[in-house]
Amino acid sequence: MNVAVLGAFDVASTYLGVKLGLYQSLADHGPSTAAELAERTGTNERLVREWLEQQGATELLDASDESGEWRFALPDGHAELLLDPLEVDSVASTVMSLAGDLAQVPRLVESFRTGVGIPYADYGPDVATGQAMGTRPIYKNEMKAWFDAVPGLSDQLARGDARVLDIGCGIGWSSVYLAQAYPGVTVLGVDLDEHSIETARKVAEEEGVSDRVTFELRDVGTLSGAGYDVATMFEMLHDLARPVEVLRVAREAVEPSGVVLVADEPTNDAYVGAADEEERRHYGWSLLHCLPATMSEPDSAATGTVIRPDTVRRYAEEAGFSEVEVLPVDETSFRLYLLRP
């Protein structure tokens, strides 16, 4: 338990370093005293000194005594993990999400008693930001391989006339990177979160694909019969209160020859009791966030983060899909499911 407590302190202090720009300032300016760092970041020197000493004590920063004056610096490799937006093993994304989730733990006491969850919006912007930070490098580095794993699909997208529907697009990185991977493809990203859609439009503009990528605050149910070649659902099926309904409308939104590509958590096929660290992380996110957020809606399927392959197959079959295939993609952060109408 002592190790877990120390880890919790490290998560909290790392969150402060990310939010306050302390790590960024150290990366930009090198070894610094508390006074120098506080002045550059507009923060309180006494609190910054305590933060620096804690970081040095736990070896998250290098601490050196130079003629009676302590200076602190980022160790080699730490800047990438904390500050690089395309780092797959980002630490910043994890602590951002976890801080927002942990803030809701007192409310979970009542949720356990009543069965009424906590709405996603109540978790605050840090959770949404952390989730986007975590999935962005995955989409950038791995998504092309997902489409390559479907025979003929990459060739179809490369022709330049395909239409893709990105369901639950969030702030848009999946849609943007898809368009960049396949010039000529047009993508519509839909989501029910207004802030996400506004941010996604800015992302598309900044990345130079706004002529082919559009985002709409829209219920995917309104797109039945739209005739898309591909519909994608990336790391969101387990978050849906009514997954079968959404899968059904995804099926109805694609051409009869189209496909739906689902990416979700690579959990064990069944509960095994004592589990590895990855499975434990899935349970942690589920307990603090995914399951309570989903159960905030009435008649929720209450899937949770620990979504098993059999569960995905059952949902897909109930939604009317004729075929469900787990794609043979190596070294991916998600399990990939190919669904055919």
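Above: the structure in question.
Thresholds, definitions, all that
- Residues numbered from 1 in each chain as written.
- Predicted model: local features only at pLDDT ≥ 70, side-chain atom pairs only at ≥ 80, totals over all residues.
- Heavy atoms only, no water.
- Salt bridge = Lys/Arg side-chain N within 4 Å of Asp/Glu carboxyl O.
- Helix = DSSP H or I, 4+ residues; strand = E, 2+ residues; numbered from the N terminus.
- Pairing = 2+ DSSP bridges.
- Axes fitted to C-alpha atoms, helices over the stretch in contact; angles between N-to-C directions.
- Contact = heavy atoms within 4.5 Å.
- Parallel < 35°, antiparallel > 145°, perpendicular 65-115°, else oblique.
- Left-handed = near helix turned anticlockwise from the far one by under 90°.
- Nonpolar A, V, L, I, M, F, W, Y, C, P; charged D, E, K, R; others polar.
- Buried < 20%, exposed > 50% of the residue type's maximum accessible area, 1.4 Å probe, protein only.
- Expected span 1.5 Å × (residues − 1).
- Arc of directions from axis to C-beta.

**Thoughts on the pattern of salt bridges**
Here's step 1: Per the stated rule, a full pass over the model turns up 15 salt bridges.
Here's step 2: Between Arg46 and Glu50 there is a salt bridge whose closest N-O contact spans 2.8 Å. In this pair, Arg46 and Glu50 both sit in helix α4 (residues 45–57), four residues apart, roughly one turn of the helix.
Here's step 3: The shortest N-O distance in the salt bridge between Glu66 and Arg71 comes to 4.0 Å.
Here's step 4: One network of salt bridges, with partners in common, ties together Glu36, Glu66, Glu69 and Arg71.

**Structural notes on the sheet that holds strand β7 (residues 254–264)**
Here's step 1: Reading across from one edge, β5-β4-β3-β6-β7-β9-β8 is the order of the seven strands in this open sheet, with mixed pairing throughout. Among the strands making up the open sheet, the edge pair consists of β5 (213–217) and β8 (323–326). Going from strand to strand, the sheet's axes swing by 20° on average, the running direction of each strand aside.
Here's step 2: Contacts from helix α8 (residues 125–148) reach β6 (228–234), β7 and β9 (335–340) within the one sheet, and its direction differs from that of β6 by about 135°.

**Description of the packing of helix α6 (residues 91–102) against helix α13 (residues 277–294)**
Here's step 1: Axis separation between α6 and α13 bottoms out at 9 Å; the angle between their running directions is 55°. The angle between α6 and α13 places the two elements in the oblique class. Helix-helix and strand crossings are classified by hand; for α6 and α13 the assignment is left-handed. Of the residues in α13, those touching α6 at Thr94, Ser97, Leu98, Asp101 and Leu102 are Trp285, Leu288 and His289.
Here's step 2: Taken together, the residues of the contact of α6 with α13 sort by class into four nonpolar, three polar and one charged.

**Some words on the environment of Pro31**
Here's step 1: Position of Pro31 relative to the elements: it lies in the loop between α2 (22–29) and α3 (34–41).
Here's step 2: Its relative accessible area of 44% is what places Pro31 among the partly exposed residues.
Here's step 3: Sequence separation of Pro31 and Arg308 is 277 residues, and the distance between their C-alpha atoms is 47 Å.
Here's step 4: Discounting residues that sit within four places of it in the chain, Pro31 has contacts with Glu36, Arg71, Phe72 and Ala73.

**Let's talk about the packing of α2 against α3**
Here's step 1: The interhelical angle for the contact between α2 and α3, taken along N-to-C directions, is 110°, at an axis separation of 10 Å. The angle between the axes of α2 and α3 places the two elements in the roughly perpendicular class. In the crossing of α2 with α3, the sense of the turn from one axis to the other is right-handed. Every residue of α3 that contacts α2 at Leu22, Ser25, Leu26 and His29 is listed here: Leu37, Arg40 and Thr41.
Here's step 2: Looking at the contact of α2 with α3 residue by residue, the class counts come to three nonpolar, three polar and one charged.

**A closer look at the side chain of Ser93**
Here's step 1: Locating Ser93 in the fold gives a position in helix α6.
Here's step 2: Once residues within four sequence positions are removed from consideration, Ser93 is found in contact with Gly130, Met133 and Gly134.

**A look at the pairing of strand β1 (residues 62–66)**
Here's step 1: Taken together, the five bridges between β1 and strand β2 (residues 69–73) define a ladder with antiparallel strand orientation. Looking at the pairing, Glu66 lines up with Glu69 of β2.
Here's step 2: A loop of two residues connects β1 with β2, the two strands running antiparallel in sequence, and Ser67 in this loop sits at a positive phi of about 55°.

**Brief notes about α4**
Here's step 1: In this model, α4 (13 residues) spans 18 Å end to end at C-alpha, consistent with the 18 Å of a helix rising 1.5 Å per residue.
Here's step 2: Taken residue by residue, α4 has Val48, Trp51, Leu52, Gln55 and Gly56 as its buried positions. Viewed end-on, α4 has its buried residues packed into an arc of 130°, placing them on one side of the element. Of the exposed residues in α4, the ones pointing more than 90 degrees away from its buried face are Leu47 and Ala57.
Here's step 3: Those residues of α4 hidden inside the fold are in contact with α1 (2–19), α2, α3, β1 and β2.
Here's step 4: Glu59 lies just past α4 and shows a positive phi near 65°.

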